Each structure stands twice: as structure tokens, then as C-alpha cells.
Amino acid sequence: MRDVSRSTSIATVLEAMVQWQRVLASLPRPPFADQELSRSHMEVLFALAHGAQDMTPSALAEHLGVTRGAVTQAVDPLVQRGLVEQVPHPSDARSKVVRLTGSAREIVTAFEANAVKAVAPHFVAVSDEELAALAATLTRTTGVVR
């Protein structure tokens, strides 16, 4: 009986995610809309915005669940566009760290602030504890390392 209930709950979560996709699609223009960025590029930008200030390519790859080569392919065009910079690692001369440029960080921060403001009414009936639990659960189920 537990499996049926669990399956039903998972189906309910999926249904809610589809509804949330509609909500998110209705948000104002996404950041960097004037640039042709792939989902991989956006994932790198948001990972850098939420991760450590500076991340090595290996740490970024682990965070995203991709190979270091995939990170290089995603980061190089972002460097060329002035959204990301690579600088020498402060304590390992053989390594580099990747970070958002100041302007890219400002764009991501402003977008997220506006997005939070736009979706906040959907969470009025949710307590702070429930919201924290939801955030933790969703983070855990996506496999994102924090």
C-alpha cells in the first residue's frame, strides 16, 4: 500500500511542477535574454551566483553533475561574452577559479529578486517552516550539492 501512496504523491508533485512551469514562464524576461545562452550556460551562471564566490572548474563540474570538459565548453563562451572570468587560484598556481563578473552578478541578483517578488503571493499560505522544508526537499531531490 505504501508504494501506491508514494506513487500518487510523486504524481502530485509532478503535476505541481508542471503548474509551476507555467508560473515561471509568465515571469518577466529572463536574464541575458538578449544573448543566445543555452540551458547549460544559464546553469553555470546561476551555480556561480549561488555557490562559493570563486569555484574551480572541478568544483563547478561536481556541483552541476557534469564533466570538467562540459564545464569548459560552457564557461569559455561566457568568458568571451564578459559574463564570467577565470583568474588564477589564490593558493594553487596550477589552477584557475571561475567567477561571475560584477555586471553578471548584478543581473542575476536583480532577476532573482524580481522573480521572488512575483511568486511570493503563491506562498502566502505556507509557513516559514514549511517553505524551508520544501526548499530542502526540492534541493535534495534534484541532486544539487550545497
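Within any chain, residue numbers begin from 1 and follow the written order of that chain's sequence. Confidence filtering applies because this is a predicted model: local features only for residues at pLDDT of at least 70, side-chain atom pairs given and counted only at 80 or more, and all residues used for totals across whole chains, interfaces and linings. Excluded from the side-chain calculations are hydrogens and water; all other atoms, namely the structure's heavy atoms, are used.

**Looking at the nonpolar core**
Alright, step 1. We define a nonpolar core as any set of buried Ala, Val, Leu, Ile, Met, Phe, Trp, Tyr and Cys residues linked to one another through side-chain atoms lying within 4.5 Å. The rule is simple: take the accessible area with a 1.4 Å probe, protein chains only, and divide by the maximum for that residue type; under 20% is buried, over 50% is exposed, in between is partly exposed. One finds Phe 32, Leu 45, Leu 48, Leu 60, Leu 83 and Val 84 to be the most contacted residues of the largest nonpolar core, which totals 21 residues.
Alright, step 2. Only runs of H or I of at least four residues qualify as helices and only runs of E of at least two qualify as strands under DSSP, and these elements are numbered from the N terminus. Elements that contribute at least two residues to this core include exactly helix H2 (39–50), helix H3 (57–64), helix H4 (68–80), strand E2 (96–100) and helix H5 (102–119).
Alright, step 3. Here this core takes six residues from H2, the largest share from any one element.
Alright, step 4. Beyond its immediate chain neighbours, meaning those up to four positions away, Phe 32 contacts Leu 37, Met 42, Leu 45, Leu 83, Ala 104, Ile 107 and Val 108. Pairs of residues are marked as contacts when any of their non-hydrogen atoms sit within 4.5 Å.

**Focus on the packing of H3 against H4**
Each pair of packed helices can be described by the angle between their axes along with the distance between the axes.
Alright, step 1. Axis separation between H3 and H4 bottoms out at 8 Å; the angle between their running directions is 105 degrees. Comparing the axis directions of H3 and H4 gives the class roughly perpendicular. Contacts from Pro 57, Ser 58, Leu 60 and Ala 61 in H3 reach Arg 68, Val 71 and Val 75 in H4.
Alright, step 2. When residues are grouped by polarity, Ala, Val, Leu, Ile, Met, Phe, Trp, Tyr, Cys and Pro land in nonpolar, Asp, Glu, Lys and Arg in charged, and all others, Gly among them, in polar. Residue composition of the contact of H3 with H4, grouped by class: five nonpolar, one polar and one charged. For every element, the axis is a line fit to its C-alpha atoms; helices are fit only across the contacting stretch, and the angle between N-to-C directions ranges from 0 to 180 degrees. Relative orientations are named as follows: roughly parallel for angles under 35 degrees, roughly antiparallel for angles over 145 degrees, roughly perpendicular for angles from 65 to 115 degrees, and oblique for any other angle.

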